[in-house]
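The lines below spell out each chain.
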Amino acid sequence: MKVGVPRALLYYKYFPLWDTFLSELGAEVVLSPRTNKRILNLGTGAAENEVCLPVKVFYGHVLSLKDKVDALFIPRVVSVEGGAYTCPKFLGLPDMIRALDVDLPHIISPTFNLKLGLREFCCSIFELGGYFTKNFYKIISAFYKGLNKLRNFEGLMQDGYLLNEALTGRLSPTPKGSLHIGVVGHPYNIFDSYVNMNLIERLKRRDIKVLTAEMIAPEIIDEIVSNLQKKLFWTYEKDVVGAVFHWLDTKSVDGIIYVLSFACGPDSLIQILIEHEARKQGFSVPIMPIVIDEHSGEAGLVTRLEAFTDMITRNKVGRL
Ligand code: SF4
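Conventions and cut-offs
- Residues numbered from 1 in each chain as written.
- Predicted model: local features only at pLDDT ≥ 70, side-chain atom pairs only at ≥ 80, totals over all residues.
- Heavy atoms only, no water.
- Pairing = 2+ DSSP bridges.
- Helix = DSSP H or I, 4+ residues; strand = E, 2+ residues; numbered from the N terminus.
- Axes fitted to C-alpha atoms, helices over the stretch in contact; angles between N-to-C directions.
- Contact = heavy atoms within 4.5 Å.
- Near = heavy atom within 4 Å.
- Nonpolar A, V, L, I, M, F, W, Y, C, P; charged D, E, K, R; others polar.
- Domains from an automatic or database assignment.
- Right-handed = clockwise from strand over helix to strand, strands pointing away.
- Buried < 20%, exposed > 50% of the residue type's maximum accessible area, 1.4 Å probe, protein only.
- Arc of directions from axis to C-beta.
- Parallel < 35°, antiparallel > 145°, perpendicular 65-115°, else oblique.
- Left-handed = near helix turned anticlockwise from the far one by under 90°.
- Expected span 1.5 Å × (residues − 1).
- Polar contact = N/O pair within 3.5 Å; in protein donor to acceptor, adjacent residues only side chain to side chain.

*Asks:* So what exactly am I meant to see when it comes to the sheet that holds strand β10 (residues 287-292) here?
*Replies:* Two strands in a sheet stick together by hydrogen bonds in their backbones, pointing the same way (parallel) or opposite ways (antiparallel). Strand order in the open sheet made by the four strands is β8-β7-β9-β10, with parallel pairing throughout. The open sheet has two edge strands, β8 (209-212) and β10, and neither has a second partner. Adjacent strand axes in the sheet meet at a mean angle of 25° when their direction is disregarded. Across the face of the sheet, helix α11 (residues 235-250) comes into contact with β7 (180-185), β8, β9 (255-261) and β10 while running at roughly 160° to β7. Here helix α12 (residues 265-280) sits on the sheet and contacts β9 and β10; the angle it forms with β9, its principal contact strand, is near 160°.

Written as structure tokens, this is what we have:
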């Protein structure tokens, strides 16, 4: 069976696990191409205007895959840890796609909800594995192999490699420049170079070392967010807040770029938290938010990036 995986949203979190699990059970995994103009146009044409850019991009990837596969893999990821949820868009994703007015292949959409406990989570894994085999042991073995791949991928990022390098295995040396910039936001915004107009490459070309939330140990993030006055309900946004607070506390970066999606509810709330903390610390580390949507222009981004990096370079030289 050819199973299509859209190269969007949680692909950036879990692809090594999904790919290994499905391949071990005999599926041929077909990944959609990197985001391009055609995919973005397909997505914006099909999605409601009000949804955020990453969901529109997801629609585009689904449409680019639909005639090439026997089934689409679109899990409903509700919760990946006790006590927190993912964004509501991830909960409704399979339904939103099914509601499209086009012919689609079968959609495989197991629900992953750790809030309901480990037993339910395991049932979802067996439900998914059951599409391919009835062999219980084969499903368990495929899942553990997938989990190992996921841990290796996460380990590479904690060793300082960028997500796209860890995903593809093409590890490149980090720039030696003395300027360090933390780039935070959802991985599907930061590592989809088409939607962010090559943000990371542009920084690297200026010999800037880029740090991301994935490079910080999860224990550090957990400790930081456990000290917040109010508990954060969203798992992935915790990573963003934890990373920014960590960099502000340790002053381990010279500047922070926060990439937000237009029309993203969680992003707009998290932005207030981040700005509040930065203000408390007297903006000792400059922060620049960049809001992206399908109309974002490259010229505006380039100008802002140049101004930001020039400003922090001057600050740094002035402090020496
Ligand atoms: S977290 Fe924001 S950007 Fe991501 S899917 Fe939800 S609304 Fe969209």
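On we go from here.
*Asks:* Got a minute to help me understand the site of the ligand in this structure?
*Replies:* Close to the ligand lie Cys52, Pro54, Val55, Cys87, Lys89, His186, Tyr188, Glu237, Ser261 and Cys264. Broken down by class, the residue content of the shell around the ligand amounts to six nonpolar, two polar and two charged. Residue assignment places the shell around the ligand across two domains, with domain 1 (2-157) and domain 2 (166-319) each supplying three or more.

*Asks:* Would you take a moment to explain the pairing of strand β2 (residues 28-31) for this structure?
*Replies:* Consecutive side chains along a regular strand alternate between the two faces of the sheet. With four bridges joining them, strand β1 (residues 2-5) and β2 adopt parallel strand pairing. Paired with valine 5 across the bridge in β2 is leucine 31. Taken together, β1, helix α1 (residues 11-24) and β2 constitute a β-α-β crossover, and its handedness is right-handed.

*Asks:* Sorry, what's going on with helix α10 (residues 218-226) here?
*Replies:* Helical periodicity: at 3.6 residues per turn, an α-helix aligns residues three or four positions apart in one direction. Of the residues making up α10, those classed as buried are Ile221, Ile224 and Val225. One face of α10 carries all of its buried residues, which in axial projection span an arc of 90°. Turned more than 90 degrees away from the buried face of α10 sit Glu219, Glu223 and Ser226, all of them exposed. Check the buried side of α10 and you find it contacts α11.

*Asks:* Explanation requested: the packing of α1 against helix α6 (residues 136-158) in the structure shown.
*Replies:* The geometry of a pair of packed helices is captured by two quantities: the angle between their axes and the separation between those axes. At a minimum axis separation of 8 Å, α1 and α6 run at an interaxial angle of 150°. In terms of axis orientation, α1 runs roughly antiparallel to α6. α6 is crossed by α1, and the crossing has right-handed handedness. Where α1 abuts α6, its residues Tyr12, Lys13, Tyr14, Pro16, Leu17, Thr20, Phe21 and Glu24 lie against Lys138, Ile139, Ala142, Phe143, Lys145, Gly146, Leu147, Lys149, Leu150 and Phe153. Partitioned by chemical class, the residues of the contact of α1 with α6 number eleven nonpolar, two polar and five charged.

*Asks:* So what exactly am I meant to see when it comes to the pairing of β10 here?
*Replies:* Of the two faces of β10, only the one carrying Met288, Ile290 and Ile292 is buried; Ile287, Pro289 and Val291 on the other face are not. Where β9 meets β10, six bridges bridge the pair, whose relative direction is parallel. Note on β10: the bridge partner recorded for serine 261 is isoleucine 292. A crossover connection joins β9 to the parallel β10 through α12; in handedness this β-α-β unit is right-handed.

*Asks:* Looking at this structure, how should I read the packing of helix α3 (residues 53-65) against helix α4 (residues 88-98)?
*Replies:* Packing of α3 against α4 brings their axes to within 12 Å, and their N-to-C directions diverge by 35°. Both α3 and α4 take part in a crossing whose hand is right-handed. Contact with α3, carried on its side by Val55, Phe58, Tyr59 and Val62, involves Lys89, Leu93, Met96 and Ile97 of α4 and no other residues of that element. Taken together, the residues that form the contact of α3 with α4 break down as seven nonpolar, no polar and one charged.

*Asks:* Help me out: how do you make sense of the side chain of serine 64 in this one?
*Replies:* If you trace the backbone, serine 64 turns up in helix α3. Given the relative accessible area of 5%, serine 64 is considered buried.

*Asks:* Would you mind going over α6 with me for this structure?
*Replies:* Helix length check: α6 (23 residues) gives 33 Å between terminal C-alpha atoms against 33 Å at 1.5 Å per residue, within 8%. Turning to α6, its buried residues number three or more, namely Ile139, Ala142, Phe143, Gly146, Leu150, Phe153 and Met157. Of the surrounding elements, those touching the buried residues of α6 are α1, α5 (118-129) and α7 (163-168). Where α6 begins, one side-chain oxygen reaches toward the backbone nitrogen of tyrosine 137, 3.0 Å away; that side chain belongs to asparagine 135. One or two positions beyond α6, positive phi appears at glycine 160, with a value near 110°.

*Asks:* Looking at this structure, I do not really get unusual backbone geometry. What am I missing?
*Replies:* Residues apart from glycine generally show negative phi values, whereas peptide bonds are mostly found in trans. Here the phi dihedral of methionine 197 falls at roughly 55°; this positive angle occurs in a residue that is not glycine. For methionine 197, the location among the structural elements is in the loop between α8 (187-190) and α9 (199-205). Of note, lysine 251 is a non-glycine position whose phi angle comes to about 50°, a positive value. In this fold, lysine 251 is placed in the loop between α11 and β9. We classify lysine 251 as partly exposed; its relative accessible area is 44%.

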